[in-house]
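Okay, here's what each chain looks like letter by letter:
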Amino acid sequence: MGSATNRNPVRRLGDASTLTGYLEFRPRAAVVLVILTLMVAVVGWRIARDTGVRRVDVFAREAIALFDAAPPTGAVTVPPDAAEVEKRFQALAGVRVGFPRDDPDFLPVEIRREVFANHPAVSLRFRYAGEGYLLVVSPRDQLLGTPAAAVFPEGSFVSGERDGRSFVLWEREEATCIVVSEGDVTRAFDLVRRLFT
């Protein structure tokens with residue numbers, strides 16, 4: 001019994017030689033191309049997702065290095081009033097971060113401009129209940145008004161320990177923030193949730 005489609009190239013119809021005729025004549029090729037495109041998209045998405053882990057490692061490593069670095073002599077000293085610290089921090093960073101104004105345990109020590117993961121940032125050294133902390137805020141780049149991609153979903157926190165230091169990393173709409181401390185990671189995480197979110 002003969003096949004319904006004519007597979008012999010010599011006996012093809014004239015209209016089957018156009019591009020639309022090719023797709024009509026070879027629908028398997030279109031299906032294979034769609035499947036290959038989806039596979040490439042999935043692999044690209046997984047690679048992009050994995051680069052977020054690398055970015056978190058870079059952020060944590062650089063923030064811990066800033067925490068361990070001795071402040072230079074030309075550092076700008078911070079007035080002890082939290083309202084003044086908040087204004088100065090916003091002026092330098094371009095990002096609004098609220099500091100606790102009525103908490104006697106919060107004592108700002110130093111505010112500085114930094115280069116953090118090859119981006120401009122502002123750091124605040126402070127003491128809370130006698131323990132030293134470093135807050136680094138780096139505004140996200142905006143290219144043509146579109147914010148850069150986040151490392152991980154907003155509202156999420158990444159916390160961990162490295163080289164005897166603990167860190168908590170989170171992102172807001174306009175900035176990437178990280179707090180480093182020499183204390184326990186659970187205390188640092190609790191401090192971030194109470195003071196900065």
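Because the structure is predicted, anything quoted here is derived from the model rather than measured.

1. Focus: the overall build of the chain
From N to C terminus, the chain includes four helices and nine strands. Mapped in sequence order, the helices and strands of the chain form the string α-α-β-α-β-β-β-β-β-β-β-β-α. Out of the 197 residues belonging to the chain, those deemed buried represent 36%. Partitioning the contacts of the chain with sequence separation of at least 6, the portion at a separation of at least 24 is 49%. Looking at the chain as shown, the accessible area adds up to about 12,400 Å², and 58% of this sits on carbon and sulfur atoms.

2. Observations regarding the packing of aromatic side chains
Any aromatic ring pair is given by two values, namely how distant the centres are and how the planes are angled relative to each other. In total, this model carries 10 aromatic pairs according to the counting rule given. Judged by centre distance (5.4 Å) and plane angle (85 degrees), the ring pair of F89 and F99 falls under edge-to-face. You can see F89 sitting in helix α3 (residues 82-93) and its partner F99 sitting in the loop between α3 and β2 (106-116), a full 10 residues away along the chain. Across the pair, exposure class does not vary: F89 and F99 are buried alike. Between F126 and Y133, the ring centres sit 5.4 Å apart and the planes meet at 10 degrees, which makes this aromatic pair stacked. When its relative accessible area of 5% is taken as the criterion, Y133 is described as buried.

3. Notes on the side chain of E86
Positionally, E86 belongs in helix α3. Excluding its chain neighbours within four sequence positions, the residues that come into contact with E86 are R96, V97, G98, F99 and R101.

4. Looking at the side chain of R112
As for its position among the elements, R112 is in strand β2. Using a relative accessible area of 19% as the deciding quantity, one classes R112 as buried. Of the polar contacts made by the side chain of R112, one reaches the side chain of E114; its length is 3.4 Å.

5. Quick word on the pairing of strand β8 (residues 165-171)
When you tally the buried positions in β8, you get six out of seven residues, the bulk of the element. Bridge count for strand β7 (residues 157-162) against β8 is six bridges, and the pairing is antiparallel. Its bridge partner lying in β8, V158 is registered against L169. As judged from the six bridges shared by β8 and strand β9 (residues 175-181), these two strands associate in the antiparallel manner. Each bridged residue has a counterpart across the sheet, and for W170 the counterpart in β9 is C177. The turn linking β8 back onto β9 is made up of three residues.

Parameters at a glance
Residues numbered from 1 in each chain as written. Predicted model: local features only at pLDDT ≥ 70, side-chain atom pairs only at ≥ 80, totals over all residues. Heavy atoms only, no water. Helix = DSSP H or I, 4+ residues; strand = E, 2+ residues; numbered from the N terminus. Buried < 20%, exposed > 50% of the residue type's maximum accessible area, 1.4 Å probe, protein only. Contact = heavy atoms within 4.5 Å. Areas by Shrake-Rupley, 256 points an atom, 1.4 Å probe, with all protein chains shown as cover. Phe/Tyr/Trp six-rings, centres within 6.5 Å; stacked < 30°, edge-to-face > 60°. Polar contact = N/O pair within 3.5 Å; in protein donor to acceptor, adjacent residues only side chain to side chain. Pairing = 2+ DSSP bridges.

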